[in-house]
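What follows is the residue order along each chain.
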Amino acid sequence: AQSVTQLGSHVSVSEGALVLLRCNYSSSVPPYLFWYVQYPNQGLQLLLKYTSAATLVKGINGFEAEFKKSETSFHLTKPSAHMSDAAEYFCAVSEPNFGNEKLTFGTGTRLTIIP
Amino acid sequence: ETGVTQTPRHLVMGMTNKKSLKCEQHLGHNAMYWYKQSAKKPLELMFVYSLEERVENNSVPSRFSPECPNSSHLFLHLHTLQPEDSALYLCASSPGTSGTIYEQYFGPGTRLTVT
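Residues numbered from 1 in each chain as written. Chains lettered and ligands numbered in written order. Predicted model: local features only at pLDDT ≥ 70, side-chain atom pairs only at ≥ 80, totals over all residues. Heavy atoms only, no water.

1. Here we look at the nonpolar core
Membership of the largest hydrophobic core comes to 27 residues, with the highest contact counts inside it found for Trp35, Leu48, Phe74, Leu76 and Tyr89 of chain A. Counting only elements with at least two residues in this core, the list comes to strand E2 (10-14), strand E3 (19-21), strand E5 (32-38), strand E6 (44-50), strand E8 (64-68), strand E9 (73-78), strand E10 (87-95) and strand E12 (109-114) of chain A. Ignoring anything within four residues of it in the chain, the contact list for phenylalanine 74 of chain A reads Cys23, Leu33, Phe34, Trp35, Leu48, Tyr50, Val57, Ala65, Glu66 and Phe67 of chain A. Formed by 22 residues, the second largest nonpolar core is a distinct cluster that contains Leu11, Met32, Phe64 and Leu81 of chain B. (Core = buried A, V, L, I, M, F, W, Y, C linked by side-chain atoms within 4.5 Å. Buried < 20%, exposed > 50% of the residue type's maximum accessible area, 1.4 Å probe, protein only. Helix = DSSP H or I, 4+ residues; strand = E, 2+ residues; numbered from the N terminus. Contact = heavy atoms within 4.5 Å.)

Set out below in structure tokens:
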């Protein structure tokens, strides 16, 4: 069974500071991992995904995440926060289950940017 | 039209009403999903359709009834709902279900309030 834990339901950072959102996963097979972002009154938008290629994955809007198997982690980072990054972020894990891929989501982290 | 669209965006209904949510994807995808997003809870996968066939039903109460008439359209029929069913209902689609992991593309959601 697969699961995702996001540490910290709320994170606040100053504009221009480093953003670090934590995600740990549990999976019985090599996982595929995703980060999604949700802006107010919108659906989820894919930020980036890890699919067993490079362990450092670059996504949209300057975000990146590093897959660390030894730590079962897939933390999301951005070197310099922008006001437009304020949103809710979801980590998700998927295992191939032929004919029916399922995403299991974490509970989300709400990111607030302090001017 | 682009991506995944959902109508209506907001819906208020009484417990004895019958209503339907509509989702349409313009991406040529083969799989479609219904999720429920409640405050302080992970996204809950409700139903999965692959090539118009239901392949997943995650113990959803029978007052929720999905319908997938073709690979571009997905409906969620609602009847005799409870106040705890109030939530954001998200539709998503993905390219296929062949065992390859694909990211899912989400619509903006329908905010449902049951009074």
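Following the structure, the description resumes.
2. Quick notes on the layout of surface pockets
As a volume, the largest pocket reaches approximately 520 Å³. Considering the residues around the largest pocket, the lining is formed by 22 residues, among which Glu88 and Arg110 of chain A together with Gln37, Ala39 and Lys40 of chain B are closest to the centre. Breaking the lining of the largest pocket down by element, the ones donating at least two residues are E10 of chain A together with strand E9 (87-94) of chain B. Counting residues per element, the lining of the largest pocket draws most heavily on E10 of chain A, which supplies three residues. Taken together, the residues of the lining of the largest pocket sort by class into seven nonpolar, 10 polar and five charged. (1 Å grid on protein atoms, 1.4 Å probe; cavity = no way out; pocket = protein on both sides within 12 Å on 5 of 7 lines; lining within 4 Å. Points joined across faces, edges and corners; volume = space filled by probe spheres on them. Nonpolar A, V, L, I, M, F, W, Y, C, P; charged D, E, K, R; others polar.)

3. Thoughts on the pattern of salt bridges
Counted according to the given criterion, the structure contains five salt bridges over all chains. The salt bridge partner of glutamate 103 of chain B is lysine 49 of chain A, with a shortest N-O separation of 2.6 Å. With glutamate 103 of chain B in the loop between E9 and strand E10 (105-106) and lysine 49 of chain A in strand E6, this residue pair bridges two chains. In this structure, the salt-bridge partner of arginine 110 of chain A is glutamate 88 of chain A, at a minimum N-O distance of 2.9 Å. Of this pair, arginine 110 of chain A sits in strand E12 while glutamate 88 of chain A sits in strand E10, and the two are 22 residues apart along the sequence. On the accessibility criterion, glutamate 88 of chain A (15% relative accessible area) is buried. (Salt bridge = Lys/Arg side-chain N within 4 Å of Asp/Glu carboxyl O.)

4. Quick word on the sheet that holds strand E7 (residues 64-70) of chain B
Residues and elements named next belong to chain B. Pairing in this open sheet of four strands is antiparallel, and the strands run E1-E3-E8-E7 from one edge to the other. Two strands in the sheet have a free side with no partner beyond their single neighbour: strand E1 (4-7) and E7. Recorded for the sheet is a direction-independent mean angle of 20° between the axes of neighbouring strands. Across four bridges, E1 lies against strand E3 (residues 18-25) in antiparallel orientation. By the bridge assignment, threonine 7 is partnered in E3 with lysine 22. (Pairing = 2+ DSSP bridges. Axes fitted to C-alpha atoms, helices over the stretch in contact; angles between N-to-C directions.)

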